[in-house]
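Each chain is listed here by its residues.
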Amino acid sequence: MSNSSSFLLNFFKERKTVGAVAPSSRFLAKKMLQNIDFDQVRVVVELGPGTGVFTKKILEKLHPEGKLFVFELNEAFFEILKATFHDPRVVFVNDSAENIKEHLEQQNIQFADVVISSLPLANFPEKLKQSILEASSNVLKEGASFVQFQYSLNARKKIKQHYKDMNISFTPINFPPAFVYHCKK
């Protein structure tokens, strides 16, 4: 089964955790990663990678001594990711994004340099959304980045509560078109 077919199937099966009918475009991936200085980044956390569109681009840019923690709760996507990426810098995590800190600590890492999230926050109950945003903010050191895409601006206020700076851009060449939140702690 292709990644696109798998994505569509999981969208209908797991509407609360899969927020799109197709993988993200390369244009969205470029916009998500454009403000990250990968020369300075050693620890990246990716939330909700789906079939790995951003994962691939992150690994292309990640420092040879860097670490990428990939959090994917959907079992089908998790298996695709493990079968696709055979890079020793990747730590696959089949757990909720609420538990970022515990998984970093298991690897003797205190803070992340950036959190890149594709989680469909609009689909989540308020308590879960708040818990994930807090967990993301808590693992970032001062000055670190949080990058999130959404198909609407409805999460803007919730995200802004955790970051001192926020810049929102728009990517029309994606299905559906998406807003990208670049935030600094």
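Note that the coordinates shown come from a computational prediction; the quantities given were computed from them, not determined experimentally.

Parameters and conventions
- Starting from 1, residues in each chain are numbered consecutively following that chain's sequence as written.
- Selection of residues for local features in this predicted model requires a pLDDT of at least 70, selection of side-chain atom pairs for listing and counting requires 80 or more, and totals for whole chains, interfaces and linings are taken over all residues.
- Hydrogens and water are ignored here; the side-chain numbers use all heavy atoms of the structure.
- Partly exposed describes any residue whose relative accessible area lies between the buried limit of under 20% and the exposed limit of over 50%, with all areas from a 1.4 Å probe on protein chains only and scaled to the type maximum.
- Under the scheme used here, helices are H or I runs from DSSP no shorter than 4 residues and strands are E runs no shorter than 2 residues, and both carry numbers assigned from the N terminus.
- Strand pairing is assigned whenever DSSP detects at least two bridges linking the two strands.
- When the strands point away from the viewer and the connection leading from the first strand across the helix to the second strand turns clockwise, the crossover is called right-handed.

Trainee: Is there a simple way to think about the pairing of strand β5 (residues 140-150) in this case?
Mentor: Every regular strand shows the same layout, with side chains that alternate between the two sheet faces. Counting buried positions along β5 gives 8 out of 11 residues, so the element sits mostly inside the fold. Both strand β4 (residues 112-117) and β5 contribute to a ladder of 5 bridges, which runs parallel. Bridge pairing in β5 places Ala112 opposite Leu140. Following the chain from β4 across helix α6 (residues 126-139) to the adjacent parallel β5, one finds a crossover that is right-handed. As judged from the 6 bridges shared by β5 and strand β7 (residues 178-184), these two strands associate in the antiparallel manner. Residue pairing in the sheet places Phe149 in a bridge with Val180 of β7.

Trainee: What is the right way to look at the pairing of strand β1 (residues 43-47) in this model?
Mentor: Most of β1 is tucked away: 5 of the 5 residues are buried. Residues Val43, Val45 and Leu47 of β1 are buried on one face, and the alternating residues Val44 and Glu46, pointing to the opposite face, are buried as well. Pairing of β1 with strand β2 (residues 67-71) involves 5 bridges; the strand directions are parallel. Across the sheet, Val44 pairs through a bridge with Leu68, a residue of β2. The handedness of the β1 to β2 crossover, carried by helix α3 (residues 53-61), is right-handed. Taken together, the 4 bridges between β1 and β4 define a ladder with parallel strand orientation. Directly across from Leu47, in β4, lies its bridge partner Ser117.

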